[in-house]
Amino acid sequence: MPLATLALSISVIWLLLRGDGSPGNFFVGLLLAVILIYFLRRTYQQERAFRRAGDIVNFIIHFTYELIVANIQVLKIVLSPQINIRPGIIAYKTECKTPLGITVLANSITLTPGTLSVDISEDQSTIFIHTLDIEHPDTVRDAIRRGLEEPVKGAFE
């Protein structure tokens, strides 16, 4: 059982023992569950579940930031009087190892305006990305690594 499920189960048991289902009692039960799990964590196999929730929140924050920045960049391109772009495909060498991490990264790239995941290599180490402006491919790669891949690795691998 994941630690988050265990904590919620202990909180519900606390509510049943107290006989009062108020939100305050639930949070007291949740706090007690976290403290109990903290002291007994060495006997339990899944220590990473609580940190993973924080990593997922970190991924959501980074993805939202990258989404806003990409929307602004695409808006500048669209509203410019003379569109001067060079679309093209770049190869992005990923450090993600699991199928879930690679899938989340490729979908995050696709959902970000101005980029589209076109294909993944046979060995699943390279993602081919269509970008609106191939003028600075290293900048695109750095933005993906810093803004998307690192949070994906923390949250899903």
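Here is what the cut-offs are and how they apply
- Residues numbered from 1 in each chain as written.
- Predicted model: local features only at pLDDT ≥ 70, side-chain atom pairs only at ≥ 80, totals over all residues.
- Heavy atoms only, no water.
- Pairing = 2+ DSSP bridges.
- Helix = DSSP H or I, 4+ residues; strand = E, 2+ residues; numbered from the N terminus.
- Axes fitted to C-alpha atoms, helices over the stretch in contact; angles between N-to-C directions.
- Contact = heavy atoms within 4.5 Å.
- Buried < 20%, exposed > 50% of the residue type's maximum accessible area, 1.4 Å probe, protein only.
- Patch = residues over 30% accessible without salt bridge, like charges linked within 9 Å, V, L, I, M, F, W, Y side chains within 5 Å.
- Areas by Shrake-Rupley, 256 points an atom, 1.4 Å probe, with all protein chains shown as cover.
- Salt bridge = Lys/Arg side-chain N within 4 Å of Asp/Glu carboxyl O.

(A) Structural context of the sheet that holds strand S2 (residues 115–120). Spatially, three strands are ordered S1-S3-S2 in an open sheet, and the strand pairing comes out antiparallel. In this open sheet, the two edge strands, each paired with only one partner strand, are strand S1 (88–93) and S2. Geometrically, the sheet is characterised by an average inter-axis angle of 30° between neighbouring strands, direction not taken into account. Relative to strand S3 (residues 126–131), S1 is paired through six bridges, and the arrangement is antiparallel. Bridge pairing links isoleucine 89 to histidine 130 in S3. Contacting S1, S2 and S3, helix H4 (residues 99–111) runs over the sheet at an angle of about 145° to S2. Running over the sheet, helix H5 (residues 137–156) touches S1 and S3 and is turned about 50° from S1.

(B) Local environment of the environment of proline 81. Considering the arrangement of structural elements, one finds proline 81 in the loop between helix H3 (49–79) and S1. Judged by its relative accessible area of 86%, proline 81 is exposed. Spatially, the C-alpha atom of proline 81 lies 34 Å from that of isoleucine 60, the residues being 21 residues apart in sequence.

(C) Broad picture of a nonpolar patch on the surface. Taken together, the side chains of Leu31, Ile35, Leu36, Tyr38, Phe39 and Leu40 define a hydrophobic patch exposed on the protein surface, amounting to about 630 Å² of accessible area. Of note, phenylalanine 39 is situated in helix H2 (residues 23–40). For phenylalanine 39, a relative accessible area of 64% corresponds to the exposed category.

(D) Highlighting the side chain of asparagine 25. Among the structural elements, asparagine 25 can be located in helix H2. The residues touching asparagine 25, leaving out its near neighbours within four places in the chain, are Trp14, Leu15, Arg18 and Asp20.

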